[in-house]
Protein chains: 2
Amino acid sequence: MFERLGELLLRRLDAITELTQLPAGRILGRQGEVPAVLYILLDGQAALSATAADGADSVVDVVQPPTHFILAAALTGLPYLMSATTITPCRLLTIQAPALRSLIHTELDLATAMLGAVSRDYRAMVRQVRDLRLRSAAQRLGCYLLARITDEGAGTARFRLPFEKALLASRLGCRQDSLSRAFATLRDYGVETHGGLVIVHDIAGLRAFSLPDEIEEPGVPPA
Amino acid sequence: MFERLGELLLRRLDAITELTQLPAGRILGRQGEVPAVLYILLDGQAALSATAADGADSVVDVVQPPTHFILAAALTGLPYLMSATTITPCRLLTIQAPALRSLIHTELDLATAMLGAVSRDYRAMVRQVRDLRLRSAAQRLGCYLLARITDEGAGTARFRLPFEKALLASRLGCRQDSLSRAFATLRDYGVETHGGLVIVHDIAGLRAFSLPDEIEEPGVPPA
């Protein structure tokens, strides 16, 4: 996000930034509160979750480093629409949100960098809306697994799920029993699981079933 | 979006903007294509829809004037993740996207105005993710109806649906038979319908069932 900024601007950003180390399970920001800081995750994993008025809860995303969150709230000074919680020990930068907004109003390079970042955030959220509207739970799981595969040309793949299945179910917008059924469905398409280990025997077959988005996002690694 | 910009900047924007009148059913932008222009809707209604690789289709939003769409694609020059279609005759401004991006890179006021606009777009998409993840179809319909009620203090309300039920079902992310069941469920909470006419006999009761978001969005009218 900051890679094209000049030396002087980076020093001004540095003056409003702190490095923090936090254990797992720490609430970083609570839905409804106005953000005091913008978080940049350097190490670890954090969950962004949405809570209904009756207490029902859903994990909208699990963010992986290096990334920022939740930029739109920090930029507008409007209340968080999601809560953020560390799910592993995390190393984070915190940038003071009001000072960041002041800096943006005088620094064109920073404003355009932020414009690119929040536009890409918007697109990630549209992809999630597409996922929730157009795919079954089994297809969503298939797309999730396909996004974990780094060697595009391979026929098969083998990797570990990055977090436990309860969290994965919530991330995919389904209950744990639906996730189990989704894994059972994917068995017919060559997906084998042993606990957190996933073996995809037929990547092409899984793609044909799951129908991942055909539109690539340049420069954005799969999350 | 442009209200705080200076005279000179507005003239430069004017030079890359055209006014267009289009009939219903016209495709304004197609998923996967790089946007040539940013649309500003002045009159009429347009639908933003997402299409799966197997042709399944879902209406993500029906935009009402005055509003822009799809800003993030126009700002980044990345392909549309949704298609846009006029659903009534529309009066639109079209702003040349490459020229707009050039102008943003020299004009701080324009960059910060766009930053506010795309941040609010992001928040609208997060609200949609919340809606799809946390609410049943009947609750989504309830929230949709509540958002149409302008007199917050009233006990009852009476209004027409702004478009036909097939489109409403798609907008709410459900099939038409699910929408009929959702209307039937809401009857128990005092919602009466006669074709496109809706009578809400007990706004408080509908709120208690539908659990709309409690976080207000300052300056953004319900869409």
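What comes next concerns the included structure. What you see is a predicted model; the values in this text were computed from it and never measured.

### So, the relation of the copies chain B and chain A
Then, in step 1: Expressed as a screw operation, the relation of chain B to chain A combines 0.0 Å of axial shift with a rotation of 180°, fitting to an RMSD of 0.0 Å. Taken together, these values place the two copies in the relation of a two-fold axis.
Then, in step 2: Counting the interface residues of chain B, we find that 100% of their copies in chain A are interface residues as well, pointing to one common contact surface.

### Notes on the sheet that holds strand E2 (residues 27-29) of chain A
Then, in step 1: One open sheet holds the four strands; their spatial order is E2-E7-E4-E5 (chain A), and the pairing between them is antiparallel. The outermost strands of the open sheet, each flanked by one partner alone, are E2 and strand E5 (57-63) of chain A. Taking the axes of each pair of neighbouring strands and ignoring which way they run, one obtains an average angle of 30° across the sheet.
Then, in step 2: Looking at chain direction, strand E4 (residues 46-51) of chain A and strand E7 (residues 83-86) of chain A are connected through four bridges and run antiparallel. The residue bridging Ala 46 of chain A from the neighbouring strand is Thr 86 of chain A, located in E7 of chain A.
Then, in step 3: Contacts from helix H4 (residues 108-134) of chain B reach E4 and E5 of chain A, with the element oriented near 130° to E5 of chain A.

### Some thoughts on the packing of aromatic side chains
Residue and element names in this part refer to chain A.
Then, in step 1: Scanning the model with the defined rule gives six aromatic pairs over all chains in all.
Then, in step 2: Ring geometry for Tyr 39 versus Phe 69: centroids 5.5 Å apart, planes at 20°, classification stacked. Of the two residues, Tyr 39 sits in strand E3 (residues 37-43) while Phe 69 sits in strand E6 (residues 67-69), which places them 30 residues apart along the sequence. Phe 69 shares its class with Tyr 39; the two are buried.
Then, in step 3: Between Tyr 144 and Phe 163, the aromatic rings sit 6.3 Å apart at their centres with planes inclined by 55°, giving tilted as the arrangement. Of this pair, Tyr 144 sits in helix H5 (residues 137-148) while Phe 163 sits in the loop between strand E9 (157-160) and helix H6 (165-171); the two residues are 19 residues apart in sequence, bridging distant segments of the chain. The two residues Tyr 144 and Phe 163 agree in class, both being buried.
Then, in step 4: The residue whose ring lies beneath Lys 165 is Phe 183, and the NZ or CZ to ring-centre distance is 4.8 Å.

### Topic: the pairing of strand E9 (residues 157-160) of chain B
Residue and element names in this part refer to chain B.
Then, in step 1: Burial along E9 is one-sided: the residues Ala 157 and Phe 159 are buried and none of Arg 158 and Arg 160 is.
Then, in step 2: In terms of strand pairing, E9 meets strand E11 (residues 197-200) through four bridges, oriented antiparallel. Bridging across to E11, Arg 160 finds its partner in Leu 197.

### Description of the nonpolar core
Then, in step 1: Core analysis: the biggest nonpolar cluster contains 100 residues, and Phe 69, Leu 100 and Leu 110 of chain A together with Phe 69, Leu 100, Leu 110 and Met 114 of chain B have the highest contact counts within it.
Then, in step 2: Residue contributions to this core peak at 14 residues, all from helix H4 (residues 108-134) of chain A.
Then, in step 3: The residues contacting Leu 110 of chain B, other than those within four sequence positions of it, are Phe 2, Leu 5, Leu 9, Leu 13, Leu 100, Leu 103 and Ile 104 of chain B.

### Brief notes about helix H3 (residues 97-104) of chain B
Then, in step 1: Every buried residue of H3 of chain B is accounted for by Ala 97, Leu 100, Leu 103 and Ile 104 of chain B. Taken around the axis of H3 of chain B, the buried residues stretch over an arc of 120°, which confines them to a single face.

### Looking at the sheet that holds strand E11 (residues 197-200) of chain A
Residues and elements named next belong to chain A.
Then, in step 1: Read from one edge to the other, the open sheet built from three strands follows the order E9-E11-E10, with strand pairing classed as antiparallel. In this open sheet, the two strands that pair with only one neighbour each are E9 and strand E10 (191-194). Looking at each pair of strands side by side, their axes are set apart by 15° on average, direction ignored.
Then, in step 2: The sheet contact formed by E10 and E11 spans four bridges and is antiparallel. Residue pairing across strands places Val 191 opposite Val 200, the latter belonging to E11.

### Topic: the interface of chain B and chain A
Then, in step 1: Chain B puts 53 residues into the contact, and the matching count from chain A is 53 residues.
Then, in step 2: Among the residues of chain B in contact with chain A, Leu 81, Tyr 122 and Arg 133 of chain B are the three that bury the most area, contributing 19% of the side total.
Then, in step 3: The interface formed by chain B and chain A contains zero salt bridges.
Then, in step 4: Applying the counting rule to chain B against chain A returns 18 residue pairs in polar contact (both at pLDDT 80 or more).
Then, in step 5: Looking at the side of chain B that touches chain A, the elements with two or more residues in it are strand E4 (46-51), strand E5 (57-63), helix H2 (71-76), H4 and helix H6 (165-171) of chain B.
Then, in step 6: The biggest single contributor to the side of chain B that touches chain A is H4 of chain B, with 19 residues.
Then, in step 7: Along the lines of polarity and charge, the residues of the side of chain B that touches chain A split into 30 nonpolar, twelve polar and eleven charged.

What counts, and where the lines are drawn
- Residues numbered from 1 in each chain as written.
- Chains lettered and ligands numbered in written order.
- Predicted model: local features only at pLDDT ≥ 70, side-chain atom pairs only at ≥ 80, totals over all residues.
- Heavy atoms only, no water.
- Least-squares fit on C-alpha atoms with pLDDT ≥ 70 in both.
- Contact = heavy atoms within 4.5 Å.
- Pairing = 2+ DSSP bridges.
- Helix = DSSP H or I, 4+ residues; strand = E, 2+ residues; numbered from the N terminus.
- Axes fitted to C-alpha atoms, helices over the stretch in contact; angles between N-to-C directions.
- Phe/Tyr/Trp six-rings, centres within 6.5 Å; stacked < 30°, edge-to-face > 60°.
- Buried < 20%, exposed > 50% of the residue type's maximum accessible area, 1.4 Å probe, protein only.
- Lys NZ or Arg CZ within 6 Å of the ring centre and 35° of its normal.
- Core = buried A, V, L, I, M, F, W, Y, C linked by side-chain atoms within 4.5 Å.
- Arc of directions from axis to C-beta.
- Buried area = accessible area lost by both parts, 1.4 Å probe.
- Salt bridge = Lys/Arg side-chain N within 4 Å of Asp/Glu carboxyl O.
- Polar contact = N/O pair within 3.5 Å; in protein donor to acceptor, adjacent residues only side chain to side chain.
- Nonpolar A, V, L, I, M, F, W, Y, C, P; charged D, E, K, R; others polar.

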